[in-house]
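This is what each chain is made of:
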Amino acid sequence: MHDQHIEDIAKLLKTMSHPIRLKILCLLQAGELTVGDIHKEVHTTNANVSQHLSILRNQGIIAYRKDANFIYNRIAEGRVTELIKNMRELFCEVP
């Protein structure tokens, strides 16, 4: 593996490693959600959710689309979905 690949992966994992961002990504695996939808599940302020979404967007991990007054967020990178799925299987599934 090249050094640049290692740095890119480390940056991705660092971005995902915050508990709120990881929870947001887990929620987004089921499909698109608005800030309000996410806010209800992570139990923090809309401003805090928006800040974490912005960080995920800036790293290219999530994307969004606008529909009237709503912004729908989704996972943009398929490898992230696969990574979260694998983490769930490894750490969350009861044997």
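All of these numbers come straight from a predicted model, not from anything done at the bench.

Reading the values: rules and limits
Residues numbered from 1 in each chain as written. Predicted model: local features only at pLDDT ≥ 70, side-chain atom pairs only at ≥ 80, totals over all residues. Heavy atoms only, no water. Helix = DSSP H or I, 4+ residues; strand = E, 2+ residues; numbered from the N terminus. Buried < 20%, exposed > 50% of the residue type's maximum accessible area, 1.4 Å probe, protein only. Contact = heavy atoms within 4.5 Å. Phe/Tyr/Trp six-rings, centres within 6.5 Å; stacked < 30°, edge-to-face > 60°. Lys NZ or Arg CZ within 6 Å of the ring centre and 35° of its normal. Pairing = 2+ DSSP bridges. Axes fitted to C-alpha atoms, helices over the stretch in contact; angles between N-to-C directions. Expected span 1.5 Å × (residues − 1). Patch = residues over 30% accessible without salt bridge, like charges linked within 9 Å, V, L, I, M, F, W, Y side chains within 5 Å. Areas by Shrake-Rupley, 256 points an atom, 1.4 Å probe, with all protein chains shown as cover. Salt bridge = Lys/Arg side-chain N within 4 Å of Asp/Glu carboxyl O.

Peer 1: Quick question: what am I supposed to make of the side chain of Thr15 here?
Peer 2: Structurally, the position occupied by Thr15 is in helix H1 (residues 3-16). By relative accessible area, Thr15 is classed as buried at 8%. If we ignore the near neighbours within four places in the chain, the residues touching Thr15 are Arg21, Ile55, Leu56, Gln59 and Ile61.

Peer 1: In this structure, what is going on with the packing of aromatic side chains? I would like to understand it.
Peer 2: Each aromatic ring pair is characterised by the separation of its centres together with the angle its planes make. Applying the stated criterion to the full structure yields 1 aromatic pair. Centroid distance Phe70 to Tyr72: 6.4 Å. Interplanar angle 45°. Geometry classified as tilted. Geometry around Tyr72 places Arg65 over its ring, the cationic atom sitting 4.5 Å from the centre.

Peer 1: Could you clarify how one ought to interpret the sheet that holds strand S3 (residues 70-75) in this entry?
Peer 2: Sheet strands pair via backbone hydrogen bonds, and the direction of the pair is either parallel or antiparallel. The 3 strands lie next to each other as S1-S3-S2, forming an open sheet whose pairing is antiparallel. Sheet topology places strand S1 (33-34) and strand S2 (62-67) at the edges, where each strand pairs with a single neighbour. Examined bridge by bridge, S1 and S3 share 2 bridges and lie antiparallel to one another. The partner of Thr34 across the bridge, within S3, is Tyr72. Contacts from helix H2 (residues 19-28) reach S1, S2 and S3, with the element oriented near 90° to S3. Packing of helix H4 (residues 46-58) onto the sheet brings it into contact with S2 and S3, and relative to S2 it is tilted by some 115°.

Peer 1: What is the right way to look at H4 in this model?
Peer 2: Spacing of three or four residues puts side chains on the same side of an α-helix, whose turn is 3.6 residues. With 13 residues, H4 should cover 18 Å at 1.5 Å per step; its first-to-last C-alpha distance of 18 Å lies within 8% of that length. Against the buried residues of H4 lie H1, H2, helix H3 (35-42), S2 and S3. Downstream of H4 by one or two residues, Gly60 has phi in the positive range, about 75°.

Peer 1: Help me out: how do you make sense of a nonpolar patch on the surface in this one?
Peer 2: Together, Met1, Ile6, Ile9 and Leu13 make up a nonpolar patch on the protein surface, roughly 410 Å² of accessible area in all. Structurally, Ile6 can be placed in helix H1. The class for Ile6 is partly exposed, based on a relative accessible area of 44%.

Peer 1: Is there a simple way to think about the environment of Thr81 in this case?
Peer 2: On the secondary structure map, Thr81 appears in helix H5 (residues 78-91). What makes Thr81 partly exposed here is its relative accessible area of 30%. The spatial distance from the C-alpha of Thr81 to the C-alpha of Gln29 is 6.5 Å, given a sequence separation of 52 residues.

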